[in-house]
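Now for the letters of each chain:
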Amino acid sequence: MTVDRSVKDLLGGGLKPNDPRRFLIEAMIGAMFSDGTVDARETAVMTRQIGEHPLFRGLGQTAARTLIDLSNDALRFSGGAVNRAPAIAKGLPARIHRLAAFGMASEVAIADDELVDGELHFLEALRISLRIAPLEAEQIVGAARSGNLPAFLDDRFLRIKSMIPVAGEVFALRALARARADDQHRFAVRDFFAAIPDLALSSDELDAELYRAFRRPRAPGAQVFGELSRVAQTLPDPVDRYWMTVYVLVAEERAAIPSWRVIPFVGVLQAAFQVTETDMELAVVDALTFPAALARPA
């Protein structure tokens, strides 16, 4: 798996309804306008990102111009870039896209060699809305300053993809808890993973990962909580645990997500992963940003 191929496959191609690339552009334009002036160096950075970044590949000049116009209108009608940050996050439910948006916004903001209060205020509002941890945001801004942003984001992308086997294990345990650890459900989980940019691989790769997870030998008398606690040990970063919780919530019927407390597996997952009540409520909000039409293995 190459980074270029995988990133391109997330969004590449012509304009789509509710295209996430619009919100990547909004993040950049928000950074551009947040200091009250538009510098030619900032415009050049945005133009380069749209023209060269794999996420925008295949978009075309006319479609790009349409997204830029839509982004300008949205920012103007919202009353400012900071006010628009929650909507940008809502348009980018996947973790990979959120990191890219924050990175692109950071690169635009520092293009004129300084970060003024307006830009810092916007980046902080964007960081909070995108659920990016302060340390990770600091690393992204540092990478943008040093010119190493593409390499840094590629590394983050590969790290997120490296957690797909862990997600497969979590969903295998979810299936076992529901007495649904059969091939039909495994195929449904495969299709669900393929629709989530953070979890997407080729069909063959997903089949292999999920087959291993669903057929993994387990000790006699193994309990779901104990198995999930074992999985949690492989995810020491609370941010990774948070996003794994989001994926599990997304898999539920959309109407049931706000009532997560009455979903047995979600309650066990919360306890095993040690996710706070506050973070569970935030995870509900993020889970609901994924498309309503998403096929869910519920």
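A.B. asks: Would you mind going over helix 3 (residues 40–52) with me for this structure?
C.D. replies: A turn of α-helix holds 3.6 residues, and therefore any two residues three or four places apart point the same way. Taking 1.5 Å as the rise per residue, helix 3 with 13 residues should run 18 Å; its terminal C-alpha atoms sit 18 Å apart, in good agreement. Of all the residues in helix 3, the buried ones are E42, V45, M46, Q49 and I50. What you see down the axis of helix 3 is that its buried residues fit within an arc of 130 degrees, all on one side. Among the exposed residues of helix 3, those pointing more than 90 degrees away from its buried face are A40, T47, G51 and E52. For helix 3, the side-chain oxygen to backbone nitrogen distance between the N-cap and R41 is 2.7 Å, and the N-cap itself is D39.

A.B. asks: Help me out: how do you make sense of empty space enclosed by the protein in this one?
C.D. replies: The gaps of empty space that remain are located by a probe, the size of a water molecule, rolled over the atoms. According to the stated counting rule, one finds 2 cavities of 30 Å³ or more in the structure shown. The calculated volume of the largest cavity comes to roughly 50 Å³. Elements represented by at least two residues in the lining of the largest cavity include exactly helix 6 (95–109) and helix 14 (238–250). By residue number, the principal contributor to the lining of the largest cavity is helix 6, which donates 3 residues. Taken together, the residues that form the lining of the largest cavity break down as 6 nonpolar, no polar and 4 charged. Of the voids in this model, the second largest cavity is the one considered here, and its volume is about 30 Å³. In terms of lining residues, the second largest cavity is bounded by R95, I160, M163, L199, M244 and Y247. Each residue belonging to the lining of the second largest cavity can be placed in one class, and the counts come to 5 nonpolar, no polar and 1 charged.

A.B. asks: Hey, could you run me through unusual backbone geometry in this one?
C.D. replies: A negative phi angle is the norm for most residues apart from glycine, just as the trans form is the norm for most peptide bonds. Non-glycine residue R131 carries a positive phi angle of around 60 degrees. With respect to the helices, strands and loops of the structure, R131 is situated in the loop between helix 7 (117–130) and helix 8 (134–146). Judged by its relative accessible area of 23%, R131 is partly exposed. Here the phi dihedral of Q274 falls at roughly 55 degrees; this positive angle occurs in a residue that is not glycine.

A.B. asks: Before we go on, may I ask you to explain the side chain of R174 in this structure?
C.D. replies: Position of R174 among the secondary structure elements: in helix 10 (residues 164–177). For R174, the residues in contact, after removing those within four places along its chain, are H185, A251, E252, F265, P297 and A298.

A.B. asks: Where do I start with the pattern of salt bridges in this structure?
C.D. replies: Pairs can form between side chains of opposite charge whenever their charged atoms are close. By the definition in use, this model includes 29 salt bridges. The partner of D237 in a salt bridge is R159, and the shortest N-O contact between them spans 3.9 Å. Residue D237 is located in the loop between helix 13 (224–232) and helix 14, and its partner R159 is located in helix 9 (residues 149–162); the two are separated by 78 residues in the primary sequence. Given the relative accessible area of 26%, D237 is considered partly exposed. When its relative accessible area of 28% is taken as the criterion, R159 is described as partly exposed. Residue E252 is joined to R178 by a salt bridge in which the shortest nitrogen-to-oxygen separation is 2.4 Å. Taken together, the residues E252 in the loop between helix 14 and helix 15 (264–273) and R178 in the loop between helix 10 and helix 11 (183–195) connect sequence positions 74 residues apart. In this structure E252 comes out as buried when scored by relative accessible area, which is 6%. Judged by its relative accessible area of 29%, R178 falls in the partly exposed class. Connected through shared salt-bridge partners, E169, R216, R218, E227 and R230 make up one network.

A.B. asks: What is the right way to read the confidence of the model for the chain from this model?
C.D. replies: Close inspection of predicted coordinates is inappropriate in any region flagged by low pLDDT. Taken as a whole, the chain shows an average pLDDT of 91; of its residues, 94% reach a score of 70 or greater. In this model residues 1–12 is a low-confidence stretch, pLDDT under 50, and it forms 32 contacts with partners more than four residues away in sequence or in other chains.

A.B. asks: Could you clarify how one ought to interpret the environment of V108 in this entry?
C.D. replies: As for its position among the elements, V108 is in helix 6. Considered as a pair, V108 and I29 are 79 residues apart in the sequence and their alpha carbons are 8.3 Å apart. Those residues in contact with V108 that lie beyond four places of it in its chain are M28, A31, M32, E42, V45 and M46.

Quick notes on the rules
Residues numbered from 1 in each chain as written. Predicted model: local features only at pLDDT ≥ 70, side-chain atom pairs only at ≥ 80, totals over all residues. Heavy atoms only, no water. Helix = DSSP H or I, 4+ residues; strand = E, 2+ residues; numbered from the N terminus. Expected span 1.5 Å × (residues − 1). Buried < 20%, exposed > 50% of the residue type's maximum accessible area, 1.4 Å probe, protein only. Arc of directions from axis to C-beta. Polar contact = N/O pair within 3.5 Å; in protein donor to acceptor, adjacent residues only side chain to side chain. 1 Å grid on protein atoms, 1.4 Å probe; cavity = no way out; pocket = protein on both sides within 12 Å on 5 of 7 lines; lining within 4 Å. Points joined across faces, edges and corners; volume = space filled by probe spheres on them. Nonpolar A, V, L, I, M, F, W, Y, C, P; charged D, E, K, R; others polar. Contact = heavy atoms within 4.5 Å. Salt bridge = Lys/Arg side-chain N within 4 Å of Asp/Glu carboxyl O. pLDDT = per-residue confidence, 0-100.

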